[in-house]
Structures are given as C-alpha cells and as structure tokens.
Amino acid sequence: MAFTFLLTFFVLKESKPKQAARRQSISIKYQLTGNLVPLFLFTFVTTLLLAGLEGTFQIYQIQKIDITPFEVGLLFMVSGLIDAGIQGGVMQKIKDGTETHWIIMGQVVSAGGLLLMPLSYNLWFAGIFLAIFTAGNALVRTCTLSLITKKSDQQGAATGAIYSLDSLGRVLGPVAFTWIFEMHALATFLTASLLGVLSITLIIAYEKKKPIQMNSI
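What you are looking at is a predicted structure, and each value in this text was computed from that prediction instead of being measured.

*Asks:* Kindly report on the nonpolar core, identifying the contributing residues and their values.
*Replies:* Residues Leu-53, Phe-57, Leu-75, Leu-114, Met-117, Phe-177 and Phe-189 are the most contacted members of the largest nonpolar core, which totals 23 residues. Elements supplying a minimum of two residues to this core: helix 3 (37-65), helix 4 (69-88), helix 6 (123-151), helix 7 (155-183) and helix 8 (185-198). In terms of residue count, the dominant contributor to this core is helix 3 (8 residues). With near-sequence residues (within four places) excluded, Leu-114 lies in contact with Leu-53, Phe-133, Phe-189, Ala-192 and Ser-193. Listed in part, the 19 residues of the second largest apolar core include Leu-39, Val-140, Leu-202 and Ile-203.

Here is the structure:
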C-alpha cells in the first residue's frame, strides 16, 4: 500500500489543466469551509453519540439489569434491522427540501432515547430505548449525508470529509463517553442527550446561512 501511494504521488501526473484544477481546489475549499460547515460538524456529533452509546451500552446494562453478551447481540441485531428499515424505507418518502425538518425530528428522537436509557429496568425497556435511539440516529445520519451530497458541487470531496469525520467520531466517541461513564454512569446518557439537543443549533445555523455561489469562481 505504501509503495502504491509513493508511486501514485511521484509518477502520476495531474490529468486536469492547471486552471481547471485551481478552480476545483477553490470550489472544494468553499464547500468545506462555507455554508456546509454546520452540516459537517453535525455529522461528527451524530457519529460521536452513536459510537459513545455503542461503547457504554453493554457496560451500563450489565450493571443495571445484568445483561448477557447474547442479549446485547440480540438487541444490536434488532437495532441493525431498524437502521436498515429507516434507510431503505423511510428515506424513500422524504421530499427534497424537507431534509432539515426530518434531521431535527430524528435528533430529538435519538436524544429522547438516550435520556430514557437510565430507565432500563429490564431487557424489554433496554431494547425499546435502544430502538428509539437507533431510529432517530439512522434518520439523522442518512438525511444529513443526502443533504450534503445534494448541496455540494464537489460530491467527492464532501463525501470524503463526511467519512473522515465519521471515522473521527467513532474513535473519539467511545473514549469520551467511557471517560464520563467512569465518573458517573448516569451522566453518560444525560450528557449525550444534551449534546444531541444542542447539536440541533448547527442545523438552524445551516438554515440561516446563505448558499455560496460558485459560478463566479
């Protein structure tokens, strides 16, 4: 892989004319630093919450209801089915221009699931609250990805930025929320829920930003 990278970097030449490459570079810069920034940050927060829950859910439920690894696996399997159902079913019914409304609704739902998590008095409640969070989170992540790719002139750069932030969130989420969990288990879900609600301000900020016109560049 390292050899391929070095060979590509030093041997392959830029296929586009310098002027076109420069315009594209400027376009990408505006896309990643302009009106789409709130959506990119929101993507990071959404993944951070998901990874944080995945990192602490089993530990908390072991303490709370003495859950077994098999039961955890069963709950996450159901959550995966819900995630797939949201992405494959609900997304088909979302009209262009209404994405932000669905994103806000989804984030409220996922924050509600996190807030209810400490009330997991048995396996059924734990499953229901996890399903609530999963449904909201799946809706949010899918709608945000769709909105960014629709609004970006450079979909490749935008998608790359999304997946980079997604990876960063998956690395930092378990670390951050496990650290909070070590201090106080209840604070983990309260903090995550509050962060979910506060992140809605990023969507509001996106709505207020004027789109940057790239035609004149």
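*Asks:* Got a sec to walk through the side chain of Thr-134? Specific residues and values, please.
*Replies:* Counting through the fold element by element, Thr-134 comes out in helix 6. At a separation of 2.8 Å, a polar atom in the side chain of Thr-134 contacts the main-chain carbonyl oxygen of Leu-130. With residues near it in sequence (within four places) discarded, Thr-134 still touches Ser-79, Ile-82 and Asp-83.

*Asks:* How would you explain the pattern of salt bridges if you had to name every residue and give the values?
*Replies:* As enumerated under the stated definition, the model contains 4 salt bridges in all. Arg-141 is the partner of Asp-83 in a salt bridge, and the nearest nitrogen-oxygen pair spans 2.6 Å. Of this pair, Asp-83 sits in helix 4 while Arg-141 is found in helix 6, placing the two residues 58 residues apart along the sequence. Take Asp-83: its relative accessible area is 15%, and that puts it in the buried class. Residue Arg-141 is classed as partly exposed on the basis of its relative accessible area of 22%. A salt bridge links Glu-99 to Lys-150; the nearest nitrogen and oxygen atoms lie 2.7 Å apart. Highlighted residues: Glu-99 in helix 5 (residues 99-116) and Lys-150 in helix 6, separated in sequence by 51 residues.

How each quantity is defined
Residues numbered from 1 in each chain as written. Predicted model: local features only at pLDDT ≥ 70, side-chain atom pairs only at ≥ 80, totals over all residues. Heavy atoms only, no water. Core = buried A, V, L, I, M, F, W, Y, C linked by side-chain atoms within 4.5 Å. Buried < 20%, exposed > 50% of the residue type's maximum accessible area, 1.4 Å probe, protein only. Helix = DSSP H or I, 4+ residues; strand = E, 2+ residues; numbered from the N terminus. Contact = heavy atoms within 4.5 Å. Polar contact = N/O pair within 3.5 Å; in protein donor to acceptor, adjacent residues only side chain to side chain. Salt bridge = Lys/Arg side-chain N within 4 Å of Asp/Glu carboxyl O.

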